[in-house]
Amino acid sequence: MKIATAVSAGLFALGLAGSAAAQDYPTRNITLIVPFAAGGPTDVISRIVGEHMARTLGQTILIENVVGAGGTTASTRAARAANDGYTLITGHMGTHAASVGLYPNLAYNPSTDFEPIGVAAGTPIVILGRKDLPPKDLKEFIAYLKANEAKLNQAHAGIASVSHTTCVLLNSIIGIKPVAVPFNGTGPAMNALIGGQVDYMCDQIVNTTQQIQGGLIKGYAIATAARNPALPDLPTTKEAGLPEYEVSAWNALFAPKGTPKPVLDKLVAALDKALDDESVRKRLLDLGSDIPGKDRRGPAPLAALVKSEVARWTPILKGAAN
Ligand code: MLT
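None of these values were measured; they are calculated from a predicted model.

## With respect to the packing of helix α2 (residues 41-57) against helix α9 (residues 261-276)
Two elements in contact, α2 and α9, have axes separated by 9 Å at closest approach and are oriented at 120°. Relative to α9, the element α2 is oriented oblique. The hand of the α2/α9 crossing is right-handed. Between α2 and α9, the residues in contact are V49, H52, M53, T56 and L57 and K266, L267, A270, L271, K273, A274 and L275, respectively. Its residues placed into classes, the contact of α2 with α9 shows 8 nonpolar, 2 polar and 2 charged.

Set out below in structure tokens:
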């Protein structure tokens with residue numbers, strides 16, 4: 001047999017094996033990388049949807065918390081992972097949008113180095129203070145920040161994280177530059193806020209509902225047009241006198257570029273099924289999440305969202321003192 005024929009036969013056989021593996025997917029555990037510490041919003045959302053997806057797919061989904069550099073360390077690793085469907089990542093508005101404007105040498109392109117699977121949850125932003133911070137409402141909070149700027153510690157989860165990005169926006173609107181204190185996620189940052197080691201934070205609502213309801217921290221306002229049913233007493237930023245601060249984040253699932261379509265189709269379907277499940281919906285809604293409607297689920301809406309969010313946040317972050 002000529003070498004060329006042998007090679008093409010071999011490649012053909014490899015192709016067949018690849019497509020067979022894709023058809024049989026999944027046949028072993030799946031790793032879902034969470035780019036932040038356990039206990040934070042991205043971790044909690046990943047575990048809620050991942051648990052249900054595992055049942056649909058018939059394989060265990062192992063959460064792996066990979067921290068550092070505002071989630072870009074993990075995102076770089078995921079972009080370079082084997083595109084066989086066994087390594088996925090939960091990215092978000094920070095790792096897959098704000099990072100482009102904040103890391104000149106970002107090692108991945110959120111739009112071209114991943115296969116979008118779908119949005120898992122929208123996460124409105126809440127302005128938080130430690131429970132004994134003197135201001136009683138948002139107006140007093142803003143005045144207090146201005147008067148004590150140099151003494152205040154603002155917690156975040158690393159450059160380009162959601163908590164960093166959304167507080168850069170808040171600080172630039174107020175016109176202050178506090179001491180920014182990075183953590184490996186807003187799970188640990190929340191512990192520091194509860195402990196009084198930091199003064200304020202901008203965080204995704206899913207990380208704050210129980211703490212606010214329990215009086216462990218102060219919620220000053222939610223940065224959405226309407227109040228959130230999970231925190232009905234929390235005023236919107238518009239009601240509280242800061243209408244220009246309206247911002248939400250989102251958490252979404254991605255696979256490495258080149259992941260075979262039969263594999264992606266199964267992952268997209270499993271996420272969709274999870275978001276239709278009553279118990280999954282209740283857990284996400286009780287935490288204040290916004291569950292995407294059918295028209296906002298799947299690869300195409302997520303690909304469009306990443307593109308529009310990169311375009312939205314890049315000028316904001318380049319313009320804001322950060
Ligand atoms: C987390 O899960 O810790 C957050 O998503 C981090 C962040 O603020 O982006």
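## A few points about the packing of helix α6 (residues 162-174) against helix α11 (residues 299-319)
Two numbers describe how α6 lies on α11: the axes approach to 10 Å, and their chain directions differ by 55°. Taken together, the axes of α6 and α11 lie oblique to each other. In terms of crossing hand, the pair formed by α6 and α11 is left-handed. Contact residues: T165, T166, V168 and L169 in α6; W313, I316 and L317 in α11. Across the contact of α6 with α11, the residue classes tally to 5 nonpolar, 2 polar and no charged.

## What about the domain arrangement of the chain?
According to the domain assignment, the chain consists of domain 1 (27-122 + 249-317) and domain 2 (124-240). Inter-centroid distance (C-alpha atoms) of domain 1 to domain 2 is 24 Å. Opposite the 31 residues of domain 1 that make contact, domain 2 presents 27 residues. Overall, the association of domain 1 and domain 2 removes approximately 1,900 Å² of surface from exposure, summing both partners, and the carbon and sulfur fraction of that is 68%. For the pair domain 1 and domain 2, the number of links is 0 salt bridges. Where domain 1 packs against domain 2, one counts 5 residue pairs in polar contact (both at pLDDT 80 or more). Listing elements by their share of the side of domain 1 that touches domain 2, those giving two or more residues are α2, α4 (94-102), β9 (248-256), α10 (278-286) and α11. Across the side of domain 1 that touches domain 2, the residue classes tally to 17 nonpolar, 13 polar and 1 charged.

Thresholds, definitions, all that
- Residues numbered from 1 in each chain as written.
- Predicted model: local features only at pLDDT ≥ 70, side-chain atom pairs only at ≥ 80, totals over all residues.
- Heavy atoms only, no water.
- Axes fitted to C-alpha atoms, helices over the stretch in contact; angles between N-to-C directions.
- Helix = DSSP H or I, 4+ residues; strand = E, 2+ residues; numbered from the N terminus.
- Parallel < 35°, antiparallel > 145°, perpendicular 65-115°, else oblique.
- Left-handed = near helix turned anticlockwise from the far one by under 90°.
- Contact = heavy atoms within 4.5 Å.
- Nonpolar A, V, L, I, M, F, W, Y, C, P; charged D, E, K, R; others polar.
- Domains from an automatic or database assignment.
- Buried area = accessible area lost by both parts, 1.4 Å probe.
- Salt bridge = Lys/Arg side-chain N within 4 Å of Asp/Glu carboxyl O.
- Polar contact = N/O pair within 3.5 Å; in protein donor to acceptor, adjacent residues only side chain to side chain.

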